[in-house]
Structure formats: structure tokens, C-alpha cells
Amino acid sequence: SLKGKTAVVTGSTSGIGLGIATSLAEAGARIILNGRVERDACEECAEKIRQDTGAEVEFVAADMGDPEACHALIEAAGGCDVLVNNAGVQHVAGIPDFPVDKWNLILAVNLSSAFHTTAAALPHMRERGWGRVINIASAHGLTGSPYKSAYVAAKHGIVGLTKVTALETAEEPITCNAVCPGYVMTPLVEKQIPDTMEKYGMDRETVIREVLLERQPSKQMASVEQMGGTVVFLCSPAAEQITGTTISVDGGWTAL
Ligand code: NAD
């Protein structure tokens, strides 16, 4: 059980982050939800988790593209025992046309934020004598795809950061691992379906199978609950000696 432990989940007002926060709340942790800006929906998310799980849930607005805000998030939480670096953004374009501001934003949010939150959180974890850092990377942290230069570079980078964090804490009761999802059914993925149906003149099932899941051999998307379950496992005693590695939850994508 994670009773008495505080979990900070960055970018947790929707999708995978919200699913992970919910699973950690079910496991008994106090939850700090985070999003870039204050919104009514955030309070709704927090209230729903509170009602479903009875956990203590707070929302802290902090832009993960801003190093100072990353530190401020951890301090606003009063430090944390579990840190899940989940906030992420995407942009798709060929390298010569890739907007420099998008490159900088993706590197800042998907990679540098994890460095800053980890730097802020580790002293607290050391003081408490226990810690779990879990970085949400991607199948794109292990393989490439065209037109996703910034995302693939940032996700490979976070796998590297995971290894170094694990080595610097190896002799302490702190672990750091990366979870590498393939396709997960989130509002972001759901939103792409109608457009893709129209573009290819396909029905919903065919778009999911043939287009979205082209590289996912299971031909099924993972769920946000499965992401949450993987994170809770990494916080469990069974995972104490698992550190510095990646866990793929990708239906076989990276086995190809
Ligand atoms: P999503 O868009 O639903 O969630 C992203 C979250 O990050 C949102 O809560 C958003 O508000 C937050 N966010 C974005 N910019 C932020 C910023 N500057 N500061 C703070 N929060 C910010 O997407 P998702 O699919 O749930 O993705 C979550 C993570 O999982 C990302 O790191 C993504 O790369 C990774 N991932 C997703 C999939 C997938 O299939 N959905 C696959 C592999 C990896």
C-alpha cells in the first residue's frame, strides 16, 4: 500500500497521467495532480478521484516547460515519495520544416522537465529514505519514426536520464525506471480517429487496426488503467531491484 506516501504526476489532467494518478490513489497515495494552467476541469478531476478512492488529492498548476515551475511543483507538494514524469507534447513535421519553437518546447516538456523535477525531488526522497521516479517514455524512446524528430529524440533522452538517475541512487532505497507505452487509448488518440476515417475512407475499426495500430502486433491499444497498474507495480516491493530499465507496454511493437 502507498498509504502515507505522496505522488506527484506531471500532466495529469487527462489521458495516461490521469489514469496513473487514479491507480496511485487507489493504492492509497496522496495525489498531486498537475497541469499547465488552472482550469475548472482540474478541480473536477481532483474531485472525481477523491470520490472514487477516498484519497487526498490536490491540483497544482505548473508549466513543465519552465524549469522554475518544475521545482515549484515539487516544493508545493512538500516533496514527494513517488514522482511520475508524464507531461508530454507532440509535433509532426520533416526535419527541414520542423519549427524551432516546437523543437524547443518538446525537448523542454518531454525531457528537461523530468531532469528539473527529479533534481527537486531526490533530496526529499533521500530525507524520507524511500523513493520511486517513473518516467513515461514511449516505444519512441526505443525506436524511431519519420517526422517525429523532437519527440523521438526527447523520449530516447528520457530513457538515458532514467539510467543515470538509477545509477546515482543505486545504493539507496530509491529506484528509477521508464515505462514505454505503444498506443494507448486516450482523448488525444480518440480525437485522431474521425479525421483519419475521413482521410482514408475507412470505418472506425479499420482505422484503429490498419492505421493507428499498424506497428502494434497485438492490434489492441493499451488502456490508461494498464499504465496505472504498471506504475503501481514499480512502486511495489516486488520491484525493489528493478532500476534503470524500461518496461514496454506496447503489444509487441518493439519486438518487431
Ligand atoms: P494527453 O495530451 O492526454 O496528456 C498530456 C498531459 O500533459 C496533459 O494532461 C497536458 O495538460 C499535459 N501537459 C502538456 N504540456 C504541459 C506543460 N507544459 N506543463 C504541464 N503539463 C503539460 O496525452 P497522453 O497520451 O496521456 O500522454 C501522456 C504521456 O504519455 C506523454 O508523455 C506521451 O508522450 C506519453 N505517451 C502516450 C502514448 C499514447 O498512445 N497516448 C504513447 C506513448 C507515450
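In this text, all values refer to a predicted model and were calculated from it rather than measured experimentally.

### A few points about the side chain of Ser12
(1) Moving on: With respect to the helices and strands, the residue Ser12 is situated in the loop between strand E1 (6-9) and helix H1 (15-26).
(2) Moving on: Owing to a relative accessible area of 0%, Ser12 belongs among the buried residues under this scheme.
(3) Moving on: A distance of 2.7 Å separates a polar side-chain atom of Ser12 from the backbone oxygen of Val9.
(4) Moving on: Excluding anything up to four places from it in sequence, Ser12 contacts Gly17, Leu18, Ile32, Leu33 and Asn34.

### Quick look at the sheet that holds strand E3 (residues 57-61)
(1) Moving on: Strand order in the open sheet made by the 7 strands is E3-E2-E1-E4-E5-E6-E7, with parallel pairing throughout. Strands at the two margins of the open sheet, each flanked by one partner only, are E3 and strand E7 (246-249). When strand polarity is set aside, the average angle formed by the axes of neighbouring strands in this sheet is 20°.
(2) Moving on: As paired elements, strand E4 (residues 82-85) and strand E5 (residues 131-136) share 4 bridges and run parallel to each other. In the strand pairing of E5, Asn85 is matched with Asn135.

### Things to note about unusual backbone geometry
(1) Moving on: Despite not being glycine, Tyr147 has its phi angle at roughly 70°, a positive value.
(2) Moving on: Relative to the helices and strands, Tyr147 resides in the loop between E5 and helix H5 (149-168).

### Concerning empty space enclosed by the protein
(1) Moving on: Using the criterion set out here, one finds 1 cavity of 30 Å³ or more in the structure.
(2) Moving on: Considering only enclosed or pocket space, the largest cavity measures out at about 30 Å³ in volume.
(3) Moving on: In this structure, the largest cavity is lined by Thr10, Asn85, Asn86, Ala87, Val109, Asn110, Ser113, Ala114, Ile136 and Ile158.
(4) Moving on: A total of 4 residues in the lining of the largest cavity trace back to one element, the largest contributor, which is helix H4 (residues 100-128).
(5) Moving on: Partitioning the lining of the largest cavity into residue classes produces 5 nonpolar, 5 polar and no charged.

### A short note on the site of the ligand
(1) Moving on: Near the ligand lie 30 residues; those nearest to it are Ser14, Ile16, Asn86, Tyr151 and Val184.
(2) Moving on: Within the contact set of the ligand, an oxygen atom lies 2.7 Å away from a side-chain nitrogen or oxygen of Ser14.
(3) Moving on: Contacts to the ligand include Asn86, whose backbone N or O atom sits 2.7 Å from an oxygen atom.
(4) Moving on: Expressed as a share of its isolated accessible area of 810 Å², the protein-covered part of the ligand is 89%.
(5) Moving on: Within the residue set of the shell around the ligand, elements represented by two or more residues are H1, strand E2 (30-35), H5 and helix H6 (187-200).
(6) Moving on: Considering only residue class, the shell around the ligand consists of 14 nonpolar, 13 polar and 3 charged.

### So, helix H3 (residues 67-76)
(1) Moving on: Those residues of H3 that fall on the buried side of the exposure criterion are Ala69, Cys70, Leu73 and Ile74. Around the axis of H3, the buried residues are gathered within 140° of arc, so they sit on the same side.
(2) Moving on: On its buried side, H3 packs onto E1, E2, E3, E4 and H4.
(3) Moving on: Sitting at the head of H3, Asp66 places a side-chain oxygen 3.0 Å from the backbone nitrogen of Glu68.
(4) Moving on: Trailing H3 by a residue or two, Gly78 shows a phi angle of about 75°, which is positive.

### Some words on the domain arrangement of the protein chain
(1) Moving on: In terms of domain boundaries, the protein chain breaks down into domain 1 (6-184 + 223-255) and domain 2 (185-221).
(2) Moving on: Taking the mean C-alpha position of each, domain 1 and domain 2 sit 25 Å from one another.
(3) Moving on: Contacts between the two partners involve 15 residues from domain 1, matched on the other side by 11 residues from domain 2.
(4) Moving on: Both faces considered, domain 1 and domain 2 share a buried interface measuring about 1000 Å² in area, 52% of it formed by carbon and sulfur atoms.
(5) Moving on: Looking only at domain 1, the three residues that lose the most surface to domain 2 are Tyr183, Val184 and Trp253, adding up to 55% of its buried area.
(6) Moving on: Our enumeration of links across domain 1 and domain 2 arrives at 0 salt bridges.
(7) Moving on: At the junction of domain 1 with domain 2, the criterion picks out 5 residue pairs in polar contact (both at pLDDT 80 or more).
(8) Moving on: A class-by-class count of the residues in the side of domain 1 that touches domain 2 yields 5 nonpolar, 9 polar and 1 charged.

### A closer look at the nonpolar core
(1) Moving on: Ile20, Leu24, Ile31, Leu33, Val84, Ile134 and Met227 are the most contacted members of the largest nonpolar core, which totals 34 residues.
(2) Moving on: For this core, the elements supplying multiple residues, two or more each, are E1, H1, E2, helix H2 (40-53), E3, E4, E5 and helix H8 (224-234).
(3) Moving on: Counting residues per element, this core draws most heavily on H1, which supplies 5 residues.
(4) Moving on: Once you skip the residues sitting within four places of it in the chain, Ile20 turns out to touch Val9, Val84, Ile136, Met227, Gly228 and Val231.
(5) Moving on: Of all hydrophobic cores here, the second largest spans 22 residues; its members include Met64, Ile74, Ala121 and Leu122.

Reading the values: the criteria
- Residues numbered from 1 in each chain as written.
- Predicted model: local features only at pLDDT ≥ 70, side-chain atom pairs only at ≥ 80, totals over all residues.
- Heavy atoms only, no water.
- Helix = DSSP H or I, 4+ residues; strand = E, 2+ residues; numbered from the N terminus.
- Buried < 20%, exposed > 50% of the residue type's maximum accessible area, 1.4 Å probe, protein only.
- Polar contact = N/O pair within 3.5 Å; in protein donor to acceptor, adjacent residues only side chain to side chain.
- Contact = heavy atoms within 4.5 Å.
- Pairing = 2+ DSSP bridges.
- Axes fitted to C-alpha atoms, helices over the stretch in contact; angles between N-to-C directions.
- 1 Å grid on protein atoms, 1.4 Å probe; cavity = no way out; pocket = protein on both sides within 12 Å on 5 of 7 lines; lining within 4 Å.
- Points joined across faces, edges and corners; volume = space filled by probe spheres on them.
- Nonpolar A, V, L, I, M, F, W, Y, C, P; charged D, E, K, R; others polar.
- Near = heavy atom within 4 Å.
- Areas by Shrake-Rupley, 256 points an atom, 1.4 Å probe, with all protein chains shown as cover.
- Arc of directions from axis to C-beta.
- Domains from an automatic or database assignment.
- Buried area = accessible area lost by both parts, 1.4 Å probe.
- Salt bridge = Lys/Arg side-chain N within 4 Å of Asp/Glu carboxyl O.
- Core = buried A, V, L, I, M, F, W, Y, C linked by side-chain atoms within 4.5 Å.

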